Amino acid sequence: MIVPLRKCRSDGSLYIRFPDVEQTLGELYLISKSDLVARCRLLKGQAQYVPSQCILHFVRKSSVAKDEILFEQLFKILAERVRRSLPRVENPDGKTVSFTKSQVVEQVYDKFVKLLMEERLEYVERLDFFEVDFKGALAMLKLSAQGKAWKEENRSTEVDASDDSGEIDAEVEEAAGSYDPFNPSVIDDYIYRSSLEVAMEELSPLQNRIIEMLRQEIPIDSIDPNVVTMAKVLGKSEKTIRTHRDKAFAKLRVSLTGGK
């Protein structure tokens, strides 16, 4: 039996894996450990390629079962996939490396490994995000790491979370663009909605509330004193809410579209 995920959505329902992932897991449960490792080593594009969500599932399963040999074999495969997904740190000259990119690579890899090591002691619900949408969850780690690296490299340009000036960092504004996470052309798609829920869980509490209110079509502000607005509920200025809305849009765009 494939163990269900434990993380709950805001409505109390459990996160669930996508049907194709569940189907692949069912197939992998029927083969030997050696065959499982061999299949997990296949590269993308090869027949019987195993999604990263499935490898993670068996990494977690082997950790709980204290199967150190299988854990080590699958952990190395998964860790290598994470490394390959991260940006190259070399600058165009081929002789130097980017400080920011190096920081991002180090932080993302270390954070992911830390989550796996923490689960050696107890269940880590955050890893459920990765079993649902590995690429999207990893993208959120990248975005978080980029924010920290940019802040370290350009402290004077970072917008503080409590700043009410309403000024938006140029990179954040560009990343947000005209992106609409609730675009009617995609919101009816089950897979997209599930990925959106996962991505929203990774937002800061303030950003998550703003996006939830947007979904409920609550206006940011209004000249009508009787209208419920975000500004009133959150106790923030209109400019601050728009700033954090755009930050949230930028994060969601990276997670759900890879920044496209």
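Scroll up for the structure.
Note that this is a predicted model, so its numbers are computed, not measured.

The rules behind these values
Residues numbered from 1 in each chain as written. Predicted model: local features only at pLDDT ≥ 70, side-chain atom pairs only at ≥ 80, totals over all residues. Heavy atoms only, no water. Helix = DSSP H or I, 4+ residues; strand = E, 2+ residues; numbered from the N terminus. Buried < 20%, exposed > 50% of the residue type's maximum accessible area, 1.4 Å probe, protein only. Contact = heavy atoms within 4.5 Å. Areas by Shrake-Rupley, 256 points an atom, 1.4 Å probe, with all protein chains shown as cover. Axes fitted to C-alpha atoms, helices over the stretch in contact; angles between N-to-C directions. Parallel < 35°, antiparallel > 145°, perpendicular 65-115°, else oblique. Left-handed = near helix turned anticlockwise from the far one by under 90°. Nonpolar A, V, L, I, M, F, W, Y, C, P; charged D, E, K, R; others polar.

Chemist: Teacher, can you tell me more about the overall build of the protein here?
Modeler: Counting its regular elements, the protein contains 13 helices and 0 strands. Secondary structure of the protein in N-to-C order comes out as α-α-α-α-α-α-α-α-α-α-α-α-α. For the protein, the residues scored as buried account for 42% of the 260 residues in total. Considering only residue pairs separated by 6 or more positions, the protein has 62% of its internal contacts joining residues 24 or more positions apart. Summing over all exposed atoms, the protein offers an accessible surface of approximately 14600 Å²; the carbon and sulfur share of this is 53%.

Chemist: What's the story with the environment of Lys66 in this structure? I'm lost.
Modeler: Relative to the elements of secondary structure, Lys66 occurs in the loop between α3 (52-64) and α4 (68-85). According to the relative accessible area criterion, Lys66 is exposed, its value standing at 54%. Separated by 54 residues in sequence, Lys66 and Arg120 place their C-alpha atoms 8.8 Å apart.

Chemist: Explain the packing of helix α1 (residues 19-28) against α3 here, please?
Modeler: Think of two packed helices as two axes; the pair is described by the angle between the axes and how far apart they sit. Orientation of α1 relative to α3, taken along the N-to-C sense of each, is 50°, at an axis distance of 9 Å. Considering the angle they form, α1 stands oblique to α3. The crossing of α1 and α3 is right-handed. Residues Val21, Thr24, Leu25 and Leu28 of α1 lie in contact with α3, whose contacting residues are Gln53, Cys54, His57 and Phe58. For the contact of α1 with α3, a count of residues per class yields 5 nonpolar, 3 polar and no charged.

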